[in-house]
Amino acid sequence: KHGIARAMLGLGFSELQEKALRAHPDRFFASYEANPNRGMDEVRKIVAMHEEFDIKAVTAAPAMICPPVPVNDKKWYPIYAKLVELDIPFCPCMGVPGPRVPFGPQKVELLDEVLWFFPELRVVTRHRDALLAALARIAPAQSPAAREAQALAYRRSPAHKAIAAHPPANTWRSSGQADAQVA
């Protein structure tokens, strides 16, 4: 109905995802949430997940890792090198996170250094475009930096409800409410 052929499932959270991937490889593909604090053990885990589940992405929420690790921190470099070698994209959450945590580790401009050192690394950012796109519709004359600042202010508002993901607009699940909450 909405043109969604397959969904990405994150591994490492429970066995339910592994069961779904094995039972329905035509409906799901795997990703793995990386933590660079684990060093080379994490690189080996990525290789193992790639061999067993053919992971199609390595994801991260740099501000949510404990302790947080900015995307340009050298702890990430062995992971980035392995992703280039395996031809797997890195899909980090970037920009202002929904939860009230410092967003420094997810500042978009930090990717500049990463992509300078790893020009072959494919990066797909997540969870920042919905809010910034809504702000662009509201105030199209604003600069991207102003919209980023407005997103930060919106996040800090006591009435804010984090929207991590939502169904396509105008479906029975959203009824346009997701766009209204962001706007």
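Residues numbered from 1 in each chain as written. Predicted model: local features only at pLDDT ≥ 70, side-chain atom pairs only at ≥ 80, totals over all residues. Heavy atoms only, no water.

**What about helix α1 (residues 15-23)?**
Counted only if it meets this: Burial classification: accessible surface area is computed with a 1.4 Å probe over protein chains only, and a residue below 20% of its type maximum counts as buried, one above 50% as exposed, and the rest as partly exposed. Secondary structure elements are taken from DSSP: a helix is a run of H or I of four residues or more, a strand is a run of E of two residues or more, and numbering for both begins at the N terminus. Note that the arc is defined by the directions from the helix axis to the C-beta atoms. A 3.5 Å cut-off defines polar contacts: any pair of N or O atoms within that distance qualifies, except that in protein one atom must be a possible hydrogen donor and the other a possible acceptor, and neighbouring residues in sequence count only when both atoms are side-chain atoms.
Taken residue by residue, α1 has Gln17, Ala20 and Leu21 as its buried positions. Along α1, the residues classed as buried sweep out an arc of 100° about the axis, all on the same side. Seen from the open side of α1, the exposed residues pointing more than 90 degrees away from its buried face are Glu15, Leu16, Lys19, Arg22 and Ala23. A distance of 3.3 Å separates the backbone nitrogen of Leu16 from a side-chain oxygen at the start of α1, and that oxygen is part of Ser14.

**Topic: the confidence of the model for the protein**
Keep in mind that low pLDDT regions are not for reading the predicted coordinates in detail. Rule in force here: The predictor attaches a confidence to each residue, and that confidence, scored 0 to 100, is pLDDT. Contacts are assigned to residue pairs that have any heavy atoms within 4.5 Å of one another.
The predicted model of the protein has a mean per-residue pLDDT of 79, with 71% of residues at 70 or higher. By mean pLDDT, the top-scoring element of the protein is helix α3 (residues 77-86) (98), and the lowest-scoring one is helix α7 (residues 177-182) (40). Here residues 156-183 scores under 50 on pLDDT; set against residues more than four positions off or in separate chains, the count is 30 contacts.

**Overview of the packing of aromatic side chains**
Going by this rule: Only rings of Phe, Tyr and Trp enter the pairing, Trp through its six-membered ring, and a pair is recorded when the two centres are within 6.5 Å. The plane angle decides the type: under 30 degrees is stacked, over 60 is edge-to-face, the rest tilted.
Within the structure shown, the criterion is met by 8 aromatic pairs. Between Tyr77 and Phe118, the ring centres sit 5.0 Å apart and the planes meet at 90°, which makes this aromatic pair edge-to-face. Residue Tyr77 is found in helix α3, and its partner Phe118 is found in the loop between α4 (110-117) and α5 (129-138); the two are separated by 41 residues along the sequence. Here Tyr77 and Phe118 have matching classes, each one buried. Taking 4.8 Å as the distance between ring centres and 85° as the angle between the ring planes, the aromatic pair formed by Trp116 and Phe117 counts as edge-to-face. A relative accessible area of 42% places Phe117 in the partly exposed class. Each residue in the set Trp76, Tyr77, Tyr80, Phe90, Trp116, Phe117 and Phe118 is aromatic and connected to the rest through ring pairs, giving one cluster.

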